[in-house]
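# Descriptive analysis of the structure
Chain by chain, the residues run as shown.
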Amino acid sequence: MKTWTASPVPRLTGSGGPLRIHDTATGQLRSVHPESGQAGLYVCGITPYDATHVGHAATYITFDLLGRVWQDAGLSVTYVQNVTDVDDPLLERAARDGVAWQDLAAREIALFHEDMEALNVVPPAHYVGAIEGIPDDVSAVEQLLASGAAYRLELPTGEGGGYDAYLDLAGQPTFGHLSGWTREQMLEVYAERGGDPDREGKRDVLDPLLWRAERDGEPSWPGKELGPGRPGWHIECSTIALRHLGMGFDVQGGGPT
């Protein structure tokens, strides 16, 4: 997917010092200055179902500043951002407004690009739509199922004959470590942030959806042994980051939904 137009970043004399940021996992300031000279940044992008707003501006200006500080310190920065160009909020808004979901997504992505250009935000080196990443998502979910880290759940009666796939959090002892949130705090916002706590049959209420099997009236893509469907948003950022940054990059960022 094409990103927005870049403006030149001015070259200044001298060199900045190492970046220091607040680490949500430890609650402390820490220096982030890779000795390799290569810094990796992943920032979660928009779901394009409505106009961008000041909250988006705050998020992307924040991480734009972070990238510029790295560059000023002499680092080479690889910046990756996704755009969730298929998801429930987009499909619901398109149905409400009587427009094709693809057209709604294209319109709001274009508006987002205009806003980023107006704010002079440096564009990512890799700007990847969720749809583009589906082959990687399918491979990743297949591997998680094969290893026992994920499980299949038959669709509710009347919704079809396929299977959804969920990550089994019982096998993820560090879940929640980065945010520092308690289980109770997660449960308070899980539904409003895209979770499905009322889905019957899940092993844990918080288990995240990895692959949503095809339903009538919803877009779907080939999923090999998973069957036709589409990825849950929990998997798309993981596979995009792995493809373009590899395991263990430096900063992952985003904003509240």
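For the structure, see preceding data.
Presented here is an overview of the structure given in this document.

### Overview of the nonpolar core
If you look at the biggest cluster of nonpolar residues, it comprises 20 residues, and the most contacted ones within it are L41, Y60, L66, W70, F112 and V251. For this core, the secondary-structure elements that each account for two or more residues are β3 (38-43), α1 (54-72), β4 (76-83) and α3 (101-118). Per-element accounting of this core gives the leading share, 4 residues, to α1. Every residue in contact with W70, bar those within four places of it in the chain, is listed here: L19, V32, P34, A39, G40, L41, L75, V77, D250 and V251. By size, the runner-up hydrophobic cluster in this structure holds 16 residues, among which are L145, L167, L206 and L210.

### Concerning the environment of G162
On the secondary structure map, G162 appears in the loop between β6 (150-154) and β7 (163-167). Sequence separation of G162 and R152 is 10 residues, and the distance between their C-alpha atoms is 9.4 Å. With sequence-adjacent residues up to four places away left out, G162 is seen in contact with L153, E154, L155 and A213.

### Thoughts on the pairing of β3
Counting buried positions over the 6 residues of β3 gives 5, a clear majority of the element. Summarising the sheet, β3 and β4 pair through 6 bridges and their orientation is parallel. Bridging across to β4, A39 finds its partner in V77. Where β3 and strand β10 (residues 251-253) come together, 3 bridges link them in parallel fashion. Directly across from L41, in β10, lies its bridge partner V251.

### What to know about the sheet that holds β4
Strand order in this open sheet of 4 strands is β5-β4-β3-β10, and the pairing throughout is parallel. Two strands in the sheet have a free side with no partner beyond their single neighbour: β5 (126-129) and β10. Sheet twist, expressed as the average angle between the axes of neighbouring strands with direction ignored, equals 15°. Packed onto the sheet, α1 meets β3, β4 and β10 and runs at close to 175° relative to β3.

### Quick look at the pattern of salt bridges
Inspection of the entire model under this criterion finds 16 salt bridges. In this structure, the salt-bridge partner of E108 is R107, at a minimum N-O distance of 3.1 Å. What makes E108 buried here is its relative accessible area of 6%. Judged by relative accessible area, which is 48%, R107 ranks as partly exposed. Ionic pairing is found between R212 and E218, a salt bridge with its closest N-O pair at 2.8 Å. According to the relative accessible area criterion, E218 is partly exposed, its value standing at 21%. In this structure, a network of salt bridges that share partners links the residues D88, R212, E218 and R230.

What counts, and where the lines are drawn
Residues numbered from 1 in each chain as written. Predicted model: local features only at pLDDT ≥ 70, side-chain atom pairs only at ≥ 80, totals over all residues. Heavy atoms only, no water. Core = buried A, V, L, I, M, F, W, Y, C linked by side-chain atoms within 4.5 Å. Buried < 20%, exposed > 50% of the residue type's maximum accessible area, 1.4 Å probe, protein only. Helix = DSSP H or I, 4+ residues; strand = E, 2+ residues; numbered from the N terminus. Contact = heavy atoms within 4.5 Å. Pairing = 2+ DSSP bridges. Axes fitted to C-alpha atoms, helices over the stretch in contact; angles between N-to-C directions. Salt bridge = Lys/Arg side-chain N within 4 Å of Asp/Glu carboxyl O.

It is worth stressing that arrangement in space is one thing and function is another; only the former is reported here.
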